[in-house]
2 protein chains.
Amino acid sequence: MTIAEVSQKYDISADTLRYYERIGLIPPVPRTKSGIRDYNEESCGWIVLMKCMRKAGVQIEALIEYVALFQQGDSTLDARKALLMEQRDQLLARMADMQASLNRLNDKIEQYEQGLLLAEQKLRRKSE
Amino acid sequence: MTIAEVSQKYDISADTLRYYERIGLIPPVPRTKSGIRDYNEESCGWIVLMKCMRKAGVQIEALIEYVALFQQGDSTLDARKALLMEQRDQLLARMADMQASLNRLNDKIEQYEQGLLLAEQKLRRKSE
DNA sequence: ACTTGACTTAGAGTGTACTCCAAATGGTAT
DNA sequence: ATACCATTTGGAGTACACTCTAAGTCAAGT
């Protein structure tokens, strides 16, 4: 697959795909003889993984390290697992922050609902 | 309260507190005659709110707009509620992305656990 | 052969959210 | 009075993650 096809398929700009490869967020993508990227299934797998992680706010630096470890082979299996577990913990912490924020938002929205209700009642009383 | 006290109490740098006020993320803080900030309960309330929202990734721009609406008085009650509801929706969407990422991380970690187990078994077999 | 359009690279530019700095001022301790 | 330390402002600098630009290359169509 060309970069344009991958870009469309996964809704990621070609610039971002090149950037991800350049910084090592995904392993090098296979090329044609003339140097044009020819994404295969493995490349696409990395892209899907990284899109998912980035959408969730996982830092690029940690992901780069994961890819680097992966490329170093089986000796890094436990380091990779440790990295994933750390990212999971951070993710859980961020989700807890978001839940706290969500609760506050819900409380506030409810207050506004009651406030608006009171304002409506005032208007009705006036017109009666 | 001075800016140093507020900074310590809420674990936000004095620079950030000034920055938040400058851009309108919190309403103007009361001052002493000599122009030094003297945070009161209301100021602290805004700080707590904004710390919570920012930790959860709510965009500064939306929060600035909320404060601006708030300062315009009761005529903006429904606009404020609409803004909060939009932010809640965005928050829920991001939490869903994070849950997807969390699921993938958990799957991968489990794979590594099984992989490591297999590696251990291989080692044991060799040494037997 | 020549145009066209997608692709390549290196490097510069952008947006968001801080974070730091310099110069000036104010209140407090000696 | 003088030293000292926190505070003030405006503006510059930083970190992260893209995003865009310029200049060049390549394969396909006419």
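The text that follows walks through the structure, step by step, so that each part is easy to find.

The rules behind these values
- Residues numbered from 1 in each chain as written.
- Chains lettered and ligands numbered in written order.
- Predicted model: local features only at pLDDT ≥ 70, side-chain atom pairs only at ≥ 80, totals over all residues.
- Heavy atoms only, no water.
- Core = buried A, V, L, I, M, F, W, Y, C linked by side-chain atoms within 4.5 Å.
- Buried < 20%, exposed > 50% of the residue type's maximum accessible area, 1.4 Å probe, protein only.
- Contact = heavy atoms within 4.5 Å.
- Least-squares fit on C-alpha atoms with pLDDT ≥ 70 in both.
- 1 Å grid on protein atoms, 1.4 Å probe; cavity = no way out; pocket = protein on both sides within 12 Å on 5 of 7 lines; lining within 4 Å.
- Points joined across faces, edges and corners; volume = space filled by probe spheres on them.
- Helix = DSSP H or I, 4+ residues; strand = E, 2+ residues; numbered from the N terminus.
- Nonpolar A, V, L, I, M, F, W, Y, C, P; charged D, E, K, R; others polar.
- Near = heavy atom within 4 Å.
- Polar contact = N/O pair within 3.5 Å; in protein donor to acceptor, adjacent residues only side chain to side chain.
- Buried area = accessible area lost by both parts, 1.4 Å probe.
- Salt bridge = Lys/Arg side-chain N within 4 Å of Asp/Glu carboxyl O.

1. Things to note about the nonpolar core
Here is step 1 of the chain: Membership of the largest hydrophobic core comes to 68 residues, with the highest contact counts inside it found for A:Y39, A:I47, A:M50, B:Y39, B:I47 and B:M50.
Here is step 2 of the chain: If near-sequence neighbours (up to four positions away) are discounted, B:I47 is found in contact with B:V6, B:Y10, B:I12, B:L17, B:I26 and B:Y39.

2. Comments concerning the relation of the copies chain A and chain B
Here is step 1 of the chain: For these two chains of identical sequence, chain A goes onto chain B by a turn of 180° and a shift of 0.0 Å along the axis, with RMSD 0.1 Å. Both copies of the chain, as the preceding transformation shows, are related through a two-fold rotation axis. Minimal C-alpha separation from the rotation axis in chain A is found for A:M95, amounting to 3.3 Å.

3. A look at empty space enclosed by the protein
Here is step 1 of the chain: Evaluation of the coordinates by the stated rule reveals 2 cavities of 30 Å³ or more.
Here is step 2 of the chain: Estimated volume of the largest cavity: approximately 90 Å³.
Here is step 3 of the chain: Lining the largest cavity, in full, are A:L105, A:K108, B:L49, B:M50, B:M53, B:V58, B:L63, B:Y66, B:L83, B:L84 and B:Q87.
Here is step 4 of the chain: For the lining of the largest cavity, the secondary-structure elements that each account for two or more residues are helix 5 (77–127) of chain A together with helix 3 (41–55), helix 4 (60–71) and helix 5 (77–127) of chain B.
Here is step 5 of the chain: Considering only residue class, the lining of the largest cavity consists of 9 nonpolar, 1 polar and 1 charged.
Here is step 6 of the chain: Put simply, the second largest cavity is a space of about 70 Å³.
Here is step 7 of the chain: In terms of lining, the second largest cavity is formed by A:L49, A:M50, A:M53, A:V58, A:L63, A:Y66, A:L83, A:L84, A:Q87, B:L105 and B:K108.
Here is step 8 of the chain: Of all the elements in the fold, those that place two or more residues in the lining of the second largest cavity are helix 3 (41–55), helix 4 (60–71) and helix 5 of chain A together with helix 5 of chain B.
Here is step 9 of the chain: Class assignment of the residues belonging to the lining of the second largest cavity gives a composition of 9 nonpolar, 1 polar and 1 charged.

4. Points about the protein's contact with DNA strand C
Here is step 1 of the chain: Among the 18 residues in the neighbourhood of DNA strand C, the closest are listed as A:R18, A:R37, B:D15, B:Y20 and B:R54.
Here is step 2 of the chain: Protein-proximal atoms of DNA strand C, defined as those within 4 Å of the protein, fall in sugar or phosphate at a share of 76%.
Here is step 3 of the chain: One nitrogen or oxygen atom from the main chain of A:R37 is found 2.6 Å from a phosphate oxygen belonging to DNA strand C.
Here is step 4 of the chain: Within the contact set of DNA strand C, a phosphate oxygen lies 3.4 Å away from a side-chain nitrogen or oxygen of B:Q59.
Here is step 5 of the chain: In terms of residues, the surface near DNA strand C owes the most to one element, helix 2 (residues 14–23) of chain B, which gives 5 residues.
Here is step 6 of the chain: Of the residues belonging to the surface near DNA strand C, the class tally is 6 nonpolar, 5 polar and 7 charged.

5. Considering the interface of chain A and chain B
Here is step 1 of the chain: Of the residues lining the interface, 34 residues belong to chain A; the matching set on chain B comes to 34 residues.
Here is step 2 of the chain: Among the residues chain A hides against chain B, the three largest losses belong to A:M98, A:L105 and A:Y112. Together they make up 20% of the total.
Here is step 3 of the chain: Put simply, chain A and chain B have 4 salt bridges between them.
Here is step 4 of the chain: For A:K81, the salt bridge goes to B:E113, with nearest N and O atoms at 3.4 Å.
Here is step 5 of the chain: For the pair chain A and chain B, the interface holds 10 residue pairs in polar contact (both at pLDDT 80 or more).
Here is step 6 of the chain: At the level of elements, helix 3 and helix 5 of chain A are the ones that each hand at least two residues to the side of chain A that touches chain B.
Here is step 7 of the chain: Of the residues forming the side of chain A that touches chain B, the biggest block, 26 residues, is contributed by helix 5 of chain A.
Here is step 8 of the chain: Looking at the side of chain A that touches chain B residue by residue, the classes come out as 20 nonpolar, 4 polar and 10 charged.

6. Observations regarding the protein's contact with DNA strand D
Here is step 1 of the chain: In the vicinity of DNA strand D lie 18 residues, with A:Y20, A:R54, B:A4, B:R18 and B:R37 positioned nearest.
Here is step 2 of the chain: A:I60 is positioned with one of its backbone polar atoms (N or O) 3.4 Å from a phosphate oxygen of DNA strand D.
Here is step 3 of the chain: For DNA strand D, a phosphate oxygen lies 3.4 Å from a polar atom in the side chain of B:T2.
Here is step 4 of the chain: Looking at the surface near DNA strand D, the elements that each hand over two or more residues are helix 2 (14–23) of chain A together with helix 1 (3–10) and helix 2 of chain B.
Here is step 5 of the chain: In terms of residues, the surface near DNA strand D owes the most to one element, helix 2 of chain A, which gives 5 residues.
Here is step 6 of the chain: The residue inventory of the surface near DNA strand D, partitioned by class, reads 6 nonpolar, 5 polar and 7 charged.

7. Focus: the pattern of salt bridges
Here is step 1 of the chain: In the structure shown here, the tally under the stated rule is 10 salt bridges over all chains.
Here is step 2 of the chain: In this structure, the salt-bridge partner of A:E21 is A:R31, at a minimum N-O distance of 3.4 Å. Taken together, the positions of A:E21 in helix 2 and A:R31 in the loop between helix 2 and helix 3 put the pair 10 residues apart, joining distant regions of the chain.
Here is step 3 of the chain: Of the residues examined, A:R31 reaches a relative accessible area of 41% and is grouped as partly exposed.
Here is step 4 of the chain: Across the pair B:D97 and A:K55 runs a salt bridge whose closest N-O atoms are separated by 3.4 Å. With one member in each of two chains, B:D97 in helix 5 and A:K55 in helix 3 form a pair that bridges those chains.
Here is step 5 of the chain: Several salt bridges converge on common partners, so that one network encompasses A:E21, A:R31 and A:R37.

Such coordinate-based values are descriptive only and should not be taken to indicate function.
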